[in-house]
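One-letter residues, chain by chain:
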Amino acid sequence: MEKAHSKHNWKSNTLPALVTVGPLTLILVLLVAIPLIYVVVMSFCSIDQYYNVEFKFTLDNYKRLISPDYMKIYGQSLLIALVTTLLCILIGYPFAYIIARTKSKKKRLLYMLVIIPFWTNSLIRIYGWRTFLGNNGWLNSILQTLHITNEPITFLYKQGTTVLGMVYCLLPFMIFPLYTALEKLDGSLLEASSDLGAKPLVTLREIIIPLTSGGIFSGSIMVFIPCLGYFFVSDILGGGNSDVIGNLIERQFQSGNNWPLGAALSIILIAVTLILVRIYKKMGGDMESLGV
Amino acid sequence: MKRQRKAKCKKGISIIFVTLVYLFLFLPISVVVVNSTNATTTKPYLSWKGFTFDWYIKLFENDELLGAFGNTMIIAIVSTILATAIGTLGAIGMYKYKFKGKGIIDALAYIPVVIPEIVLGISLLTIFAKVNIPRGMLTLILAHVTFSVPFVIFNVRARLAGYDNSIEEASMDLGANRIVTFFEITLPVLAPGIAGGALLAFTLSIDDIIISYFVYGQTKTYPLKVMESIKSGVAPDVNALSTLILIATIGLVILTQSGLFKKKKEN
């Protein structure tokens, strides 16, 4: 219809186009584009003595970004994100593979069992970990009852605990795209490969991984980027010893109250996101598959 | 024989591995469920003082907690309806019509999905402060619509990919106008995608902590209430409410998943 009548139908299509796309455009422009532009503007603003934002141009916020204290936290945050992503691949890949390749009716059940924790409030689950790992927590009680240790072991407030919490929160984001990719994998290819004499590891390296690399990429993006911002995980489990960039930003918008500095810190996250998404697209990644 | 044993061994390792991952996923949830029946009444509510169901009764006397839960439900329902309507219309319009700036709108729709939530949260906070919108229910709903709209678009778009335009033509040729065609033809065909998007929007809204954290003002949602109580120790009634929500979630997951799978088979 559009093609045949496109010319004289243009006018009659303006109204329906406006009605359908108009509200969406309004939301995206007013609540996504303008706020983000405003954050960029604010990152160049200064503050007065009452910590109010002043629209006076300054580069001070950016100068403060390169202070050694902050640099240490960027490094730490990137390291936590990197280790979390790798762990998610190492756990998520074989896991998704086994579930996707399950032939019986159990497959549906197995998949549902991944969704259920994902739909339970993440904060309360992270608190569950804290209860489990605390000095008076379950794990220490078990260890002490079994006389493996006499003194409680401090599990909390370490970088490793933050990584555990991040892996816990973000693992489903790795499993879902991998599962989708692995489910599409044609089983006969694997049979052909093994019939032709390839060892399982060769089949994995030459067939399975190349064919599912899209899932690995989108999963990695969906784990790595949020990891830089999940301040509540490091707050609850890391107790200030394993801050991520998100903690720095959160502080400026809560207690620190230096919004322009917080805005400048956010620019780092925006930059990292843009770079990673660009790489992802260059490698042939599909943006749509980032949508859970 | 040897091959068989090897296959069995492989299967055994797979089962052990998968079980361990599920244990990992469900361990903190079981902590929450067990602690909801803990008879302890002293902060930080960690030591085990025996089994009780009292917290499930006390929960209904905790107006603050129930109020927060009510806020969460109101925000989730309203923002889901809005996001689903806006996202569905938008996806259809983007699919059917050509217009200037379409590429920009398309690119903007990806931002809430890929950008760290904290950036979206603070950008909304700064703009709400700038234009003097008081933080509360309204700002929470606007924020939730913003981050869930793209997920509705993606879901509807996936359904549109296999959409046959000729049935709309047929409908209009038979005398139905645009609006009738939209409600009688377009919507029913897209329904599974719309439902999937709405479900996702709803769950994202209920679970959101980071974005809500920056725009809530005085209107606390249930996750924010949990966050506040974490400092002093989460009381067992919070665990009790979480357990009830968990049970509802399991029901919802079973309902939707079995429904989806059935539809797949029909196709």
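Located above this text is the structure these notes cover.
Residues numbered from 1 in each chain as written. Chains lettered and ligands numbered in written order. Predicted model: local features only at pLDDT ≥ 70, side-chain atom pairs only at ≥ 80, totals over all residues. Heavy atoms only, no water.

Caption draft 1: Inspection of a nonpolar patch on the surface at higher detail. Nonpolar side chains collect at one region of the surface, where A:Leu26, A:Val29, A:Leu30 and A:Ile34 lie side by side and expose about 330 Å² of accessible area between them. Relative to the elements of secondary structure, A:Leu26 occurs in helix α1 (residues 2-42). (Patch = residues over 30% accessible without salt bridge, like charges linked within 9 Å, V, L, I, M, F, W, Y side chains within 5 Å. Areas by Shrake-Rupley, 256 points an atom, 1.4 Å probe, with all protein chains shown as cover. Salt bridge = Lys/Arg side-chain N within 4 Å of Asp/Glu carboxyl O. Helix = DSSP H or I, 4+ residues; strand = E, 2+ residues; numbered from the N terminus.)

Caption draft 2: Summary view of the environment of B:Lys96. All names here are of chain B. Take lysine 96: it is sitting in helix α3 (residues 63-96). Owing to a relative accessible area of 15%, lysine 96 belongs among the buried residues under this scheme. Considering only alpha carbons, one finds lysine 96 and asparagine 165, 69 residues apart in sequence, at a separation of 9.1 Å. Within the local environment of lysine 96, its side chain forms a polar contact with the side chain of glutamate 168, the two groups lying 2.6 Å apart. (Buried < 20%, exposed > 50% of the residue type's maximum accessible area, 1.4 Å probe, protein only. Polar contact = N/O pair within 3.5 Å; in protein donor to acceptor, adjacent residues only side chain to side chain.)

Caption draft 3: Representation of the side chain of B:Glu168 in the model. With respect to the element layout, B:Glu168 can be found in helix α7 (residues 166-173). With residues near it in sequence (within four places) discarded, B:Glu168 still touches B:Lys96, B:Tyr163, B:Thr181, B:Ile185 and B:Thr186. (Contact = heavy atoms within 4.5 Å.)

Caption draft 4: Quick look at the packing of aromatic side chains. Counted by the stated rule, this structure contains 24 aromatic pairs over all chains. Centre to centre, the rings of B:Phe182 and B:Phe183 are 5.2 Å apart; their planes meet at 85 degrees, and the pair counts as edge-to-face. One aromatic cluster is present, formed by A:Tyr230, A:Phe231, A:Phe232, A:Phe253, A:Trp259, B:Tyr213 and B:Phe214 through successive ring pairs. (Phe/Tyr/Trp six-rings, centres within 6.5 Å; stacked < 30°, edge-to-face > 60°.)

Caption draft 5: Molecular detail of the interface of chain B and chain A. Opposite the 90 residues of chain B that make contact, chain A presents 80 residues. Across the chain B/chain A interface, buried area totals approximately 8,000 Å², and carbon plus sulfur atoms make up 80% of it. Our count for the contact surface shared by chain B and chain A stands at 5 residue pairs in polar contact (both at pLDDT 80 or more). Residue contributions to the side of chain B that touches chain A peak at 16 residues, all from helix α1 (residues 2-35) of chain B. (Buried area = accessible area lost by both parts, 1.4 Å probe.)

Caption draft 6: Structural view of helix α6 (residues 137-160) of chain B. Residues and elements named next belong to chain B. For α6, which comprises 24 residues, the first-to-last C-alpha distance of 33 Å matches the rise-based estimate of 34 Å (1.5 Å per residue) to within 8%. Of all the bends in α6, the greatest, near 35 degrees, is centred on serine 148, and the proline proline 150 appears no more than four residues after it. Of all the 24 residues making up α6, 18 are buried; the element is thus mostly covered by neighbouring parts of the structure. (Expected span 1.5 Å × (residues − 1). Bend = angle between axes of the 7 residues up to and from the residue.)

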